[in-house]
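Chain residues, written in single-letter form:
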Amino acid sequence: MKKITLLLFLIFISCDITYDGETRLVSETNVMDRNGNPLSGIEVMINVSNGYDSHLASNGVSDANGNTVLVFPKPENSEFEISFSNQEFGYEPLSYRNIHISDFNNYKHKLNDVILLKSNDIVLLEINFLNTSNGNIRVEDYKIEGLFYRDPYMDDNAYQYYRELDFKVAKNQIIQFHYTLINLSTMIKTEYTTPIIIENQTISTTINY
């Protein structure tokens, strides 16, 4: 029994996140609404995870100009998640995952302008891929242009394994959905673009290939 207890204790210690107490990292961005107006009072949190443990490394709020600057000690062997939220003002939470130390330049990480959407200004967009030709064609890549929230838990390569993509998108816009198909016999890649009109309700579209 003592051996089991000791083993569990060692596992717990080995999973803990350690920090470099002498090195500081900086994360900054600008938060705005869909019309480009700066948003103040938006809560920002940075969590770090090593696959076993997760810690809150830093948190704060955006200033009057929508700027956020968070400073925190450098964690060892961890990835980052940056979250933005303010449900009091009706904004849908937004998160960015899979950020790594390699994404920092001179100890600084700067996100592109972050656009938050009101919860009542969002509808669901479902995109389905349907293979109507043969097994030699595969979806190789995709990109969406417009105002949208991507599922933060979806891996960058998830499109190779999923045949359905879900996005939270702003109402009343035209989404441009770009995707690439690859012919596995010839290894030739072909790019396509499909415009998707978003109005005021959930929309589901199927892309045949």
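Treat the numbers as computed from the prediction; the structure is a model and nothing was measured.

Bridge analysis of strand β2 (residues 43-49) against strand β3 (residues 54-61) gives 7 bridges, and the strand direction is antiparallel. Residue pairing across strands places Ser49 opposite Ser54, the latter belonging to β3. Between β2 and β3, which follow one another and run antiparallel, lie 4 residues, and Gly51 among them has a positive phi close to 95 degrees.

Bringing empty space enclosed by the protein into the picture now. Applying the stated criterion across every chain, the model contains 1 cavity of 30 Å³ or more. Roughly 30 Å³ of internal volume is contained in the largest cavity. Of all the secondary structure elements, the ones that give two or more residues to the lining of the largest cavity are β1 (19-32), β4 (67-75) and β5 (79-86). Sort the elements by how many residues they give to the lining of the largest cavity and β1 lands first, with 3 residues.

The next thing to look at is the pairing of β2. By the bridge criterion, 7 bridges tie β2 to β5 in an arrangement that is antiparallel. Bridge pairing in β5 places Ile46 opposite Ile82.

Here we take up the confidence of the model for the chain. Looking at the chain as a whole, the pLDDT averages 85, with 87% of positions reaching at least 70. Across the chain, the secondary-structure element scoring lowest on mean pLDDT is helix α1 (residues 2-15), at 39, and the one scoring highest is strand β14 (residues 189-198), at 96.

Another aspect to go through is the sheet that holds strand β11 (residues 148-150). In a beta sheet, neighbouring strands pair by backbone hydrogen bonds and run either parallel or antiparallel. The 4 strands are arranged β11-β12-β9-β15 in an open sheet whose pairing can be described as mixed. In the strand order of this sheet, the two ends are held by β11 and β15 (203-208), each with one partner. Pairs of neighbouring strands in the sheet enclose a mean axial angle of 30 degrees, with direction left out of account.

With respect to topology, 3 strands assemble into an open sheet ordered β10-β13-β14, the strand pairing being antiparallel. With one partner strand each, in any of the chains shown, β10 (137-145) and β14 form the two edges of the open sheet. This sheet shows a mean twist of 25 degrees between the axes of neighbouring strands, independent of strand direction. Where β10 meets strand β13 (residues 173-183), 8 bridges bridge the pair, whose relative direction is antiparallel. For Ile137, the partnering residue across the bridge sits in β13 and is Asn183.

What counts, and where the lines are drawn
- Starting afresh in each chain, residues are numbered from 1 along the sequence in its written order.
- Given that the model is predicted, a residue must reach a pLDDT of at least 70 before its local features are reported, and side-chain atom pairs must reach 80 or more before they are shown or counted; all residues, however, enter totals for whole chains, interfaces and linings.
- Excluding hydrogens and water, the side-chain values take into account all heavy atoms of the structure.
- Strand pairing is defined by DSSP finding a minimum of two bridges between the two strands.
- A run of H or I in DSSP becomes a helix once it reaches four residues, and a run of E becomes a strand once it reaches two; helices and strands are each numbered from the N terminus.
- Definitions used throughout: a 1 Å grid over protein atoms alone; a cavity as a set of points that fits a 1.4 Å probe which cannot get out; a pocket as an open set with protein on both sides within 12 Å along at least five of seven lines; a lining residue as one with an atom within 4 Å of a point.
- Grid points are joined across faces, edges and corners, and a volume is the space filled by probe spheres set on the points.
- A residue's pLDDT is the predictor's confidence in that residue, given on a scale from 0 to 100.
- Where helices are involved, their axes are fitted lines through C-alpha atoms of the stretch in contact, as for all axes, and angles between N-to-C directions lie from 0 to 180°.

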